[in-house]
Amino acid sequence: QRQGYANLLMKKAEEEARKRGCKKIVLWVEKGSWQEKWYRRHGYEDEEFKEPPSDDTIWLEKFLNV
């Protein structure tokens, strides 16, 4: 914990998505969780057009600079 591994994995995942021509990443997390806060700190925002899988989850998205 607190060694930057999650940040490194996120950076690598976003780089790979860009290489493959992806324009955005979309994911869902539990509302109010530490994961939601973590993704928001990394530029993820509400994705308002998808219905969440359950009432206690939320969709987030991040547009990638390709």
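Quick caveat, the model's predicted, so the values are computed rather than measured. (Residues numbered from 1 in each chain as written. Predicted model: local features only at pLDDT ≥ 70, side-chain atom pairs only at ≥ 80, totals over all residues. Heavy atoms only, no water.)

**Q** Report on the sheet that holds strand E1 (residues 24-30), specifying residues and quantitative values.
**A** What holds strands together in a sheet is hydrogen bonding between their backbones, with the strands either parallel or antiparallel. Spatially, E1-E3-E2 is the arrangement adopted by the three strands of the open sheet, whose pairing is antiparallel. Bordering the open sheet on either side are E1 and strand E2 (45-46), each of which pairs with just one other strand. (Pairing = 2+ DSSP bridges. Helix = DSSP H or I, 4+ residues; strand = E, 2+ residues; numbered from the N terminus.)

**Q** Which residues make up the packing of aromatic side chains, and what values go with them?
**A** Evaluation of the coordinates by the stated rule reveals two aromatic pairs. Geometrically, the ring pair formed by Tyr 39 and Tyr 44 is edge-to-face, given 5.2 Å between the ring centres and 75° between the ring planes. Taken together, Trp 38, Tyr 39 and Tyr 44 form an aromatic cluster joined through their ring pairs. Between Lys 50 and the ring centre of Trp 59, over which it is positioned, the NZ or CZ distance is 4.8 Å. (Phe/Tyr/Trp six-rings, centres within 6.5 Å; stacked < 30°, edge-to-face > 60°. Lys NZ or Arg CZ within 6 Å of the ring centre and 35° of its normal.)

**Q** Please give an account of the pairing of strand E3 (residues 57-63) that cites residues and values.
**A** For a regular strand, side chains alternate in direction, first toward one face of the sheet and then toward the other. Of all seven residues making up E3, six are buried, and the element is well covered by its neighbours. Where E1 lies against E3, seven bridges are found, and the strand directions are antiparallel. Paired with Lys 24 across the strands is Phe 63, a residue of E3. Strand direction decides the pairing type here: E2 and E3, joined by two bridges, are antiparallel. From the neighbouring strand, Glu 45 faces E3, where its bridge partner is Glu 61. (Buried < 20%, exposed > 50% of the residue type's maximum accessible area, 1.4 Å probe, protein only.)

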